Amino acid sequence: MTISYNWLSEYLPWPIEPQKLSKILTSIGLEVESLTFYENVKGGLAGLVVGEVLTVTQHPNADKLKITTVHIGAEAPLQIVCGASNVAAGQKVIVATIGTTIYPSTGDPLTMRVAKIRGKESFGMICAEDEIGLGSSHDGIMVLPADSSVGTPAATLFEPYQDWVYEIGLTPNRMDAMSHLGVAKDVCAYLTHHEKEAKPVTPFSNSFSPDQNNKTITVSIENEEACKRYAGIELTGVTVSDSPSWLKNRLTAIGVRPINNIVDVTNYILHETGQPLHAFDAAAITGNQVIVKNVAAGTSFTTLDNKERKLQDTDLLICNATDPMCIAGVFGGAASGVHAGTTSIFLESAWFHNTTIRKTSLHHGLRTDAATRFEKGVDIASTVQVLKRAALLIKEVAGGSISSEVTDIYPNVTPKTEVAVKYHYIKKLSGKNYHPEAVKKILTALGFEVIGEGIDELRVAVPYSKPDISIPADLVEEILRIDGLDNIEIPTTITISPAVEVASAKEVIKEKTANFLVGKGFVEIFTNSITNSQYFTPAVLETAVKMINNLSADLDVLRPSMLETGLETIAYNCNRRNHNLRLFEFGKTYATSGSGQYSETEHLCIYLSGLDTEAGWRVKSKEQDLLMAKGILQAVASLTGLPSIQWTLEANDTATLAAVVGGTTIATLLHVPQHKLQQFDIKQNVVFVDIDVAALVTAAEKQKIVYTEVSKFPAVQRDLALVVDRSVTYAAIELAVGSVKLPKLKDTRLFDVFESDKLGVNKKSMALSFTFVDEEKTMTDTETDAMVSKLMGAFEKELGAEIRK
């Protein structure tokens, strides 16, 4: 939200310095994100003066240069070398004197210094309009009216506009502050509470009277739910032209482009009061009827931007007797808009339902200032008051006359919301003990009406300008704001009631896992849960949750997989020469059964790409692969207390490895296929680990963690080399080891794999290391050999293994 200091100050009872006002605004919840100085002419024409050209002679060393003497009110005239073809004696001109900095319309600032041009000294510059920011013409120097006074500062002559501009970070519920007058009301409430009574200076006139009452246009509302109030007034004999400079300056200071005097007034009123208005060319109102209604779906309508749009049956339209003229509260129509030949207008001020306007605005992609305000809610009580203000202003800047009384259609008057709050509740919620009189003073200054009061209770009627106020907590927030959010007292002691979290186990596991991964050099990422449907196959999209009112064509579906959004991040980093990546993310995927049933699944995803470390003179780097990912997952499982993981290949997918615990798949690992990497223009391998957080937590909760004392007796190690078929996996070896059921076998480790034709056709050797521990005594060789023999028997029987000697 952009606020002009000069404009805002018009509604304040006394001047407040810009920086102090900035602190007040932030204190009352209207956070000032920036305060910048604004000039419609850069530099404000400082140092430029009116001069009179006394003489003009040809430069002896240049055909296109003239030597002039210019009187600027000093004792002696200045010699200035000028290259303008239109310079002549007797002219009144703008002179930039030595030391003056000029700001051209385009290009960098230039500070005047004594210069020698082709052998002749020049003590300043006679200026063209583009050289000092007053226009774009460089056809010659600016020639002023003959009666201009020599020595007069140019700033006095042209009166450049200067202002301070606030950028306010407005929260979505604060529609009442989406205007200069709304902000002024808050500031006055603050001043009333902290200094002395202050009421905003009202811009509204109490003596409104039309020039005639020749009403020719009738108004009717067919959809009274979407339009609860509609007011209009007619003006005739207006002249559409440029706005006066004061109006242009106000609008340009806040970033609004002036169009013409009629449209500029509607924009001015919008930013002054927060009430959107629309001006129709009265000649385009066929049948002299204004009808607020919905039209048939598919109806074509050309808007002010000359684009033809297909309307929905839920769109609210302002129509004449035969055709739509305007998309209500959103955008005007090309056929009924004000143009240079307009002489009569019908001015509209209305209240449209926020839901209706938002749906229409999003559907057609028309995010206008008017739509934004109607979406958040406007003050239904000020509809007519604002209309009268606008009519008088149009008459002032465009001439003509107000030719009708106000038409005001308000079939069902909206009652004010009533809210009751107890004083002890205010203290409980705010932590501050407010005196009842202070509470009433703040609320009445904000426009609330006290309608009842008890020993410990205050009942107020909420102003229509604050539709977000509905419960006692809202009133406490208003009191705290005006008292000043930075005035909230911090108690000397704080009492905290411990919360019992239902899902505490999950959060503990997530935190432990995240800390572990960060310690391993991983970086946590957060990606958008809304992604592009083009990433997925039709089969996947059948169960995907599609967006109805997506704001971007590239963001139209809730992600059915975490892989694609992670690949976007990897592609982004690779494009910036950051190739060695270790990333992880906690996030959710979404699905639907198509019958209105939706589900979401929480994941922990790990992404490995590039080298594991930068190569150095002592360290050789290697590419991160599936085995590294498997090790990381095994470490995560151990960290959460899970037993051994069983590894299986996914059915019909030899490239995907599944991690199974207790018969439940807790994670999948895969090398991302090349066709998927090509979608994101990634030219290096990526390993993806997808952990089902719910399955991981469930499996972990089933495990009872028991402390076991470290054995006092030494461990015994034995190595075996097995010759097996090349199709035998380490997972099969683990199953065979498990079938023997040796309690004293504490660890099994594969430390070598060797393949050679000398071993036999399609054979390989797998070298294993076994660690045995007896918790009660030192193991003997006989005991160890017996257990090794059992293992050898299991390998020979279940795997067809041959023991290498």
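Computed from a predicted structure; not experimentally measured. (Residues numbered from 1 in each chain as written. Predicted model: local features only at pLDDT ≥ 70, side-chain atom pairs only at ≥ 80, totals over all residues. Heavy atoms only, no water.)

K.L.:
I'm lost on helix α4 (residues 180–194) in this one. Help?
P.N.:
Given 3.6 residues per helical turn, the α-helix brings residues three or four places apart onto the same face. The end-to-end C-alpha separation of α4 is 21 Å, in line with the 21 Å expected for 15 residues at 1.5 Å each. Across the 15 residues that make up α4, a large majority, 12, are buried. All of the buried residues in α4 are His180, Leu181, Gly182, Val183, Ala184, Asp186, Val187, Cys188, Ala189, Tyr190, Leu191 and Thr192. Where α4 is buried, its residues touch β1 (2–4), α1 (5–9), α2 (18–27), α6 (261–273), α11 (436–445) and α12 (472–483). (Helix = DSSP H or I, 4+ residues; strand = E, 2+ residues; numbered from the N terminus. Expected span 1.5 Å × (residues − 1). Buried < 20%, exposed > 50% of the residue type's maximum accessible area, 1.4 Å probe, protein only. Contact = heavy atoms within 4.5 Å.)

K.L.:
Mind showing me how you'd approach the sheet that holds strand β30 (residues 545–546) here?
P.N.:
Strand pairs in the sheet, formed through backbone hydrogen bonds, run parallel or antiparallel to each other. Here three strands make up an open sheet; going across it, the order is β29-β31-β30 and the pairing antiparallel. Both edges of this open sheet fall to β29 (530–531) and β30, since each of them pairs with a single strand only. Of the strand pairs in this sheet, β29 and strand β31 (residues 557–558) are connected by two bridges, and their pairing is antiparallel. Along β31, the bridge assignment pairs Ile530 with Leu558. (Pairing = 2+ DSSP bridges.)

K.L.:
Just checking my understanding: could you explain helix α13 (residues 504–519) for this structure?
P.N.:
For α13, which comprises 16 residues, the first-to-last C-alpha distance of 23 Å matches the rise-based estimate of 22 Å (1.5 Å per residue) to within 8%. Every buried residue of α13 is accounted for by Ile509, Lys510, Thr513, Ala514, Phe516 and Leu517. One side of α13 holds all its buried residues, which, seen down the axis, span an arc of 165 degrees. Exposed positions of α13 whose direction lies more than 90 degrees from the buried face are Glu511, Asn515 and Gly519. (Arc of directions from axis to C-beta.)

K.L.:
Sorry if this is basic, but what is going on with the pattern of salt bridges here?
P.N.:
In a structure, side chains of opposite charge can pair up when their charged atoms sit close to one another. Summed over all chains, the structure comprises 36 salt bridges. Two residues, Glu437 and Lys440, come together in a salt bridge whose shortest N-O distance is 3.0 Å. Here the residue Glu437 and the residue Lys440 both occupy positions in helix α11, the gap between them amounting to three residues, near one helical turn. Overall, Glu437 belongs to the partly exposed group, its relative accessible area being 46%. Here Glu602 ties to Lys506 by a salt bridge, and the two come within 3.0 Å at their closest N and O atoms. In this pair, Glu602 is assigned in strand β33 (residues 598–609) and Lys506 in helix α13, connecting sequence segments 96 residues apart. By relative accessible area, which is 16% here, Glu602 ends up buried. Members of the salt-bridge network, linked through shared partners, are Arg174, Asp176, Asp186, Lys466, Glu478 and Arg481. (Salt bridge = Lys/Arg side-chain N within 4 Å of Asp/Glu carboxyl O.)

K.L.:
What am I meant to see in the sheet that holds strand β11 (residues 125–126) here?
P.N.:
With respect to topology, five strands assemble into an open sheet ordered β5-β4-β3-β6-β11, the strand pairing being antiparallel. A single partner strand is all that each edge strand has here, and the edge strands are β5 (78–82) and β11. In terms of strand pairing, strand β3 (residues 48–58) meets strand β4 (residues 66–71) through six bridges, oriented antiparallel. For Thr55, the partnering residue across the bridge sits in β4 and is Thr69.

K.L.:
Any chance you could explain the packing of α13 against helix α16 (residues 626–639) here in plain terms?
P.N.:
Helix packing for two helices is described by the angle between their axes and how far apart those axes are. Direction vectors running N to C along α13 and α16 enclose 140 degrees, while the axes themselves pass 10 Å from each other. Classified by the angle their axes make, α13 and α16 are oblique. In this structure, α13 crosses over α16, and the sense of that crossing is right-handed. On α16, the residues touching Lys512, Thr513, Phe516 and Leu517 of α13 are Ile632, Ala635, Val636 and Leu639. Counted by class, the contact of α13 with α16 contains six nonpolar, one polar and one charged residues. (Axes fitted to C-alpha atoms, helices over the stretch in contact; angles between N-to-C directions. Parallel < 35°, antiparallel > 145°, perpendicular 65-115°, else oblique. Left-handed = near helix turned anticlockwise from the far one by under 90°. Nonpolar A, V, L, I, M, F, W, Y, C, P; charged D, E, K, R; others polar.)

K.L.:
Any chance you could explain the packing of α11 against α12 here in plain terms?
P.N.:
The geometry of α11 relative to α12 is characterised by a closest axis approach of 10 Å and an angle of 90 degrees between their N-to-C directions. When the axes of α11 and α12 are compared, the pair comes out roughly perpendicular. Along its contact with α11, which presents Val439, Ile442 and Leu443, the element α12 presents Leu475, Glu478, Ile479 and Ile482. Each residue belonging to the contact of α11 with α12 can be placed in one class, and the counts come to six nonpolar, no polar and one charged.

K.L.:
Is there a simple way to think about the packing of aromatic side chains in this case?
P.N.:
Aromatic ring pairs are reported here in terms of the distance separating the ring centres and the angle at which the planes meet. For the coordinates displayed, the defined rule picks out 11 aromatic pairs. Relative to Phe795, the ring of Phe770 has its centre 6.3 Å away and its plane inclined at 25 degrees; by these criteria the two rings are stacked. Here Phe795 lies in helix α20 (residues 781–799) and Phe770 lies in strand β40 (residues 763–772), a separation of 25 residues in the sequence. Of the two residues, Phe770 and Phe795, neither departs from the other in class, the shared state being buried. Site record: aromatic cluster; members linked through ring pairs are Trp7, Trp246 and Tyr268. The ring centre of Phe586 lies 5.2 Å from the NZ or CZ of Lys510, which sits over that ring. (Phe/Tyr/Trp six-rings, centres within 6.5 Å; stacked < 30°, edge-to-face > 60°. Lys NZ or Arg CZ within 6 Å of the ring centre and 35° of its normal.)

K.L.:
Could you clarify how one ought to interpret empty space enclosed by the protein in this entry?
P.N.:
Going through the model one piece at a time under the given rule, you end up with one cavity of 30 Å³ or more. In this model, the largest cavity occupies a volume close to 40 Å³. Lining the largest cavity are Lys506, Ile509, Lys510, Thr513, Phe586, Leu604, Val693, Leu696 and Val697. For the lining of the largest cavity, the secondary structure elements donating two or more residues are α13 and α18 (693–702). Per element, the largest residue contribution to the lining of the largest cavity is four residues, and it comes from α13. (1 Å grid on protein atoms, 1.4 Å probe; cavity = no way out; pocket = protein on both sides within 12 Å on 5 of 7 lines; lining within 4 Å. Points joined across faces, edges and corners; volume = space filled by probe spheres on them.)

K.L.:
Is there a simple way to explain the environment of Gly800 in this structure?
P.N.:
You can see Gly800 is positioned in the loop between α20 and β41 (802–803). A relative accessible area of 46% means that Gly800 is categorised as partly exposed. Between the C-alpha atom of Gly800 and that of Val723, which follows or precedes it by 77 residues, the distance is 8.7 Å.

K.L.:
Help me understand the nonpolar core, please; the structure alone is not making it clear to me.
P.N.:
Most often, soluble globular proteins have nonpolar side chains that are buried together. Judged by nonpolar contacts, the single largest core of 75 residues is most densely connected at Leu21, Leu25, Val187, Ile233, Leu235 and Ile394. Broken down by element, the residue count for this core peaks at nine residues, all from helix α9 (residues 383–398). Not counting residues within four places of it along the chain, the set of residues in contact with Ile233 comprises Phe208, Ile345, Phe346, Leu347, Leu387, Ala391, Ile402, Ser404, Glu405 and Val406. (Core = buried A, V, L, I, M, F, W, Y, C linked by side-chain atoms within 4.5 Å.)

K.L.:
For this particular structure, what's the right way to read the pairing of strand β15 (residues 277–281)?
P.N.:
Counting buried positions along β15 yields five of five residues, so the element is predominantly enclosed. On β15, burial covers both faces: Leu277, Ala279 and Asp281 on one face and His278 and Phe280 on the other are all buried. The pairing of β15 with strand β22 (residues 344–352) spans five bridges and is classified as antiparallel. By the bridge assignment for β22, His278 is matched with Glu348.

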